[in-house]
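Notes for the structure review
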Amino acid sequence: MDMNNALLKDANLRTLVAQVEYRRLLYKAILQDRSLPQPLRYEFMFKLNKVSKKSSAVRTKNRCVMTGRGKGVLRAFKCSRIALRELISKGEIAGVTKSSW
């Protein structure tokens, strides 16, 4: 898969998740509220089922912001281990040094 294509798909997925997040949370909260009548909760269960499965936050994948690599991404830096090592070697990340012993 092309790197630019992976980054574009990731950006589109994240915007889709952000757009639908509030509605999804609202539907789930109504479903879990046992004080509401059963028919109302049942109606919101159908609404939740109609929301796109792609818009679930679980489907997002951490990707390197520099290279688009999907594996070996460190959350703290949002960067892959390979790109992070290059940045550290160049001294572009303050406070982090490559260890050697």
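The next subject is the environment of Glu86. In this structure, Glu86 sits in helix H3 (residues 81-90). For Glu86, a relative accessible area of 47% corresponds to the partly exposed category.

Taken as a whole, this structure holds 2 aromatic pairs when the rule is applied. When the ring centre of Phe44 is taken as origin, the NZ or CZ atom of Lys47, which lies over that ring, is 4.8 Å away.

Under the defined criterion, the tally for this structure stands at 0 disulfides. Unpaired in terms of disulfides, Cys64 finds its nearest cysteine sulfur in Cys79, a separation of 3.8 Å. Judged by relative accessible area, which is 0%, Cys64 ranks as buried. Overall, the relative accessible area of 2% leaves Cys79 in the buried class.

With that settled, consider H3. Turning to H3, its buried residues are Ala83, Leu84, Leu87 and Ile88. All buried residues of H3 lie within an arc of 135 degrees about the axis, which places them on one face of the element. Summarising the geometry of H3, the exposed residues directed more than 90 degrees from the buried face are Arg85, Ser89 and Lys90. Looking at the packing, one finds that the buried side of H3 touches strand S1 (73-74) and strand S2 (79-80). Backbone geometry just after H3 places Gly91 at a positive phi near 80 degrees.

Residues Lys61, Arg69, Lys71 and Arg81 make up a contiguous surface patch of positive charge. With respect to the helices and strands, Lys61 occurs in the loop between helix H2 (38-50) and S1. A relative accessible area of 41% means that Lys61 is categorised as partly exposed.

About the cut-offs
Residues numbered from 1 in each chain as written. Predicted model: local features only at pLDDT ≥ 70, side-chain atom pairs only at ≥ 80, totals over all residues. Heavy atoms only, no water. Helix = DSSP H or I, 4+ residues; strand = E, 2+ residues; numbered from the N terminus. Buried < 20%, exposed > 50% of the residue type's maximum accessible area, 1.4 Å probe, protein only. Phe/Tyr/Trp six-rings, centres within 6.5 Å; stacked < 30°, edge-to-face > 60°. Lys NZ or Arg CZ within 6 Å of the ring centre and 35° of its normal. Disulfide = S-S within 2.5 Å. Arc of directions from axis to C-beta. Contact = heavy atoms within 4.5 Å. Patch = residues over 30% accessible without salt bridge, like charges linked within 9 Å, V, L, I, M, F, W, Y side chains within 5 Å. Areas by Shrake-Rupley, 256 points an atom, 1.4 Å probe, with all protein chains shown as cover. Salt bridge = Lys/Arg side-chain N within 4 Å of Asp/Glu carboxyl O. Lys, Arg positive; Asp, Glu negative; His and termini not counted. Charge placed at Lys NZ, Arg CZ, Asp CG, Glu CD.

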